[in-house]
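Working through the structure, step by step
What follows is the residue order along each chain.
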Amino acid sequence: MDDSEKRRMPDSLYLEMSAESKEHVLPLHSSITLFLLSYCESKSFRVILLSAKSGDQWTWVGDLSSTLAANPIQLPEPLGVVGACRLPAVLEADGMFCRAGLAVVLRHVIQRTSKDKPGHLNLTSLLGFKNTCLKACAEVSKWTRLCEIDIPSAVGEHLCNPTEQALCIPPALLHLEKRLDEPVKVHNDDKLRRQKLQQQAINSSPSTLKEERSNPAAKPCGVELSAALAKLTTDEVPDAATKRPPDIRRVKTTHLPKLERHFAEGLYFTLTDVVLLPCIHQYLCSLQKHAPHALARLPLLVRWYCHVQDVPGVRKAAETCGMTLFTPQPSESVMLTPEISTLNELELEDTQPEKVPFVGGPRPTLTKLKENGVEAVYSPHPCPSWTVPWEDFPTAVNPTTGEMSDTRAIRKCQQINNLVSMVTELVHPGNTVVDFCSGGGHVGIVLASMLPQCQVILVENKEESLVRARERSITLNLTNISFIQTNLDYYIGAFHIGVALHACGVATDMVLQRCVQAGAAFVISPCCYGFIQNTQKFTFPRSQLFSKILDYKEHMILCRFADQTAVTLPEERRVIGKTCMGLVDLDRCWPAESRGYTVKVMTMEPESCSPKNNMLVGQPGQKHTISG
């Protein structure tokens, strides 16, 4: 297939299909994706169901039974990078660029469909304020994690055993119930609240009440719903008179009526509501069947579910996907149980990391570690003068051709020299090298240019950066490079060497863990030590030895001062910062060493190439094998 034929082909959207009791079923993330496609009336993708068990593939034709009635298809091209990702995933026709993970794929569906099918429906409004809805990855955003991972997982687990779990409402659902009780925040809050006050005055007038009694269907929808529906259309909606009656204008802001939260993120229907609806629908159906009295414990969730049904197109899309939306009916006899009694502190345990007050400097912590025989140890750089042969490559390989300043570009080249020098010591022909947190591809493109016999994969969450990297690789005619826009958790492929230049905060720990899981060598340059904090997956200190000596607060003091290495700071402060960097990275490396790795912490050359100039280089032991 030549390039022109590939460009004419639609992108392939892969959805998982699992087998339970010899029957094929769609997991929630697949159902959510199909619901969005139906709501957007998108024809921009070739949708393929992929059996997780057999590997069989079917082209989606509108409903599950009709799709499975056809014989499995044999696609001419292999899965390629899609096989290295958790589904759902979208693979572009050239097979080089993949987007994986629920939030990433859904955002792409909206953007692509909006571009291919401009119409009366304002699809981009689903992406919320400044197009940021579910943009932050689940590793750093608790809201994204709740909607993308926790709620679908909780509902899926409930559906596996609905009878026994009916009375125990999952914490993720309770968190959502609590979120739906928060005040609405919008930039034109005052204007809408005065409009609501004016509408309330009109609705309470005798003429309006008389008309409603004679024609109940004539009752106008509220200000909140009107604003939400107006947001979803590209048609111009005549604005109500901006000049309010004097009595309305004189009302103090504190006396204005509050705006009612209709949707998950506030006033407007967004992608978050699309993600939640299939999950909440199946959960409420289960409660209605097995424990209808439990519905009374989720009044805001039930109200939200009913509000979403008022959005034009939602019912039709739901029916297309086999969802029959309904109005939940709580049982009149409400049985109080400890599991679902109230949204109290016990049920809604705050998952936010402890806010640690920083008092004093790092010296007491450093002294405590030293007294226990723990000090920062730096290994010598094995090839401090090694450099990429920049002159042998096209200028597009060099970061100096980008938009950064000359000084920064020179430092970036020096940083790349360090990482690439270590990779060339570890790599073998035929290896797969993954550039995690790749950004614009400065490291990955150099590696692909220098290692034509190896496959280089760039993994990055930010679409704009990865698109720039792809454009550079096309200019360079690189054929051994692929691009995956996804969160780190969604990359599950096998590889031999993992690389990351200035992986921010906990991202360093995620890359390191992924490399150890895969039995791969790693070359990692950490960054943003001050952003390190406990997460759902990681707790600090990382190693057993550090945990015996330091508590979380003391470790956070190390992290905070590890960030104080800027050249503008006094030398004494920078020396302490460098020591703290070494100790934090030492703590990171010991868990890998306990898995048989040989790990060295070294300093990039020259040291002035970056204030964050540490480099972690690890090699697995002989017993380690490459695994997915």
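Computed from a prediction, not measured in an experiment: that's the story for all the values here. (Residues numbered from 1 in each chain as written. Predicted model: local features only at pLDDT ≥ 70, side-chain atom pairs only at ≥ 80, totals over all residues. Heavy atoms only, no water.)

**Quick notes on the overall build of the protein chain**
For the protein chain, the count of helices and strands is 22 helices and 13 strands. The buried share among the 628 residues of the protein chain stands at 50%. As displayed, the protein chain offers around 30300 Å² of accessible surface, 52% of which is attributable to carbon and sulfur atoms. (Helix = DSSP H or I, 4+ residues; strand = E, 2+ residues; numbered from the N terminus. Buried < 20%, exposed > 50% of the residue type's maximum accessible area, 1.4 Å probe, protein only. Areas by Shrake-Rupley, 256 points an atom, 1.4 Å probe, with all protein chains shown as cover.)

**Re the pairing of strand 7 (residues 432–436)**
By the criterion of burial, strand 7 is predominantly enclosed, with five of the five residues buried. Residues T432, V434 and F436 of strand 7 are buried on one face, and the alternating residues V433 and D435, pointing to the opposite face, are buried as well. In this structure, strand 7 lies alongside strand 8 (residues 455–460), joined through five bridges in parallel fashion. In the sheet register, F436 faces strand 8, and the bridge partner there is V459. Where strand 7 and strand 10 (residues 497–504) come together, three bridges link them in parallel fashion. In the sheet register, V434 faces strand 10, and the bridge partner there is G498. (Pairing = 2+ DSSP bridges.)

**Regarding the confidence of the model for the protein chain**
Mean pLDDT for the protein chain: 83, with 80% of residues reaching 70 or above. Of all the helices and strands in the protein chain, helix 1 (residues 3–8) carries the lowest mean pLDDT, 54, while strand 7 carries the highest, 97. Here residues 334–353 scores under 50 on pLDDT; set against residues more than four positions off or in separate chains, the count is 35 contacts. For residues 624–628, every residue scores under 50 in pLDDT, and the model assigns this stretch 20 contacts once sequence neighbours within four places are set aside. (pLDDT = per-residue confidence, 0-100. Contact = heavy atoms within 4.5 Å.)

**Some details on the side chain of E460**
You can see E460 is positioned in strand 8. There is a polar contact of 3.0 Å between the side chain of E460 and the backbone nitrogen of K462. With residues near it in sequence (within four places) discarded, E460 still touches C437, S438, G439, S465, L466, I484, Q485 and T486. (Polar contact = N/O pair within 3.5 Å; in protein donor to acceptor, adjacent residues only side chain to side chain.)

**Some details on the side chain of N417**
Residue placement: N417 occurs in helix 16 (residues 406–426). On the basis of relative accessible area, N417 is assigned to the buried category, the value being 10%. For N417, the side chain forms a polar contact with the side chain of W390, separated by 3.4 Å.

**Things to note about the pairing of strand 11 (residues 521–527)**
Burial within strand 11 is extensive, with seven of its seven residues counted as buried. Burial along strand 11 is two-sided: A521, V523, S525 and C527 facing one way and F522, I524 and P526 facing the other are all buried. For strand 10 and strand 11, the ladder comprises seven bridges, and the chain directions are parallel. Residue pairing for strand 11: L501 is matched across the bridge by S525. Considered for its hand, the β-α-β crossover made up of strand 10, helix 19 (residues 507–518) and strand 11 is right-handed. Two elements, strand 11 and strand 13 (residues 614–619), share three bridges in a ladder whose sense is antiparallel. Across the sheet, V523 pairs through a bridge with V617, a residue of strand 13. (Right-handed = clockwise from strand over helix to strand, strands pointing away.)

**Focus on unusual backbone geometry**
L87 connects to P88 through a cis peptide bond whose omega is 10°. The omega torsion across F540 and P541 is 0°, close enough to zero to call that bond cis. Tracing the sequence through the fold places P541 in the loop between strand 11 and helix 20 (544–549). Non-glycine residue K130 carries a positive phi angle of around 55°. Non-glycine residue C528 carries a positive phi angle of around 50°. Within the secondary structure, C528 is located in the loop between strand 11 and helix 20.

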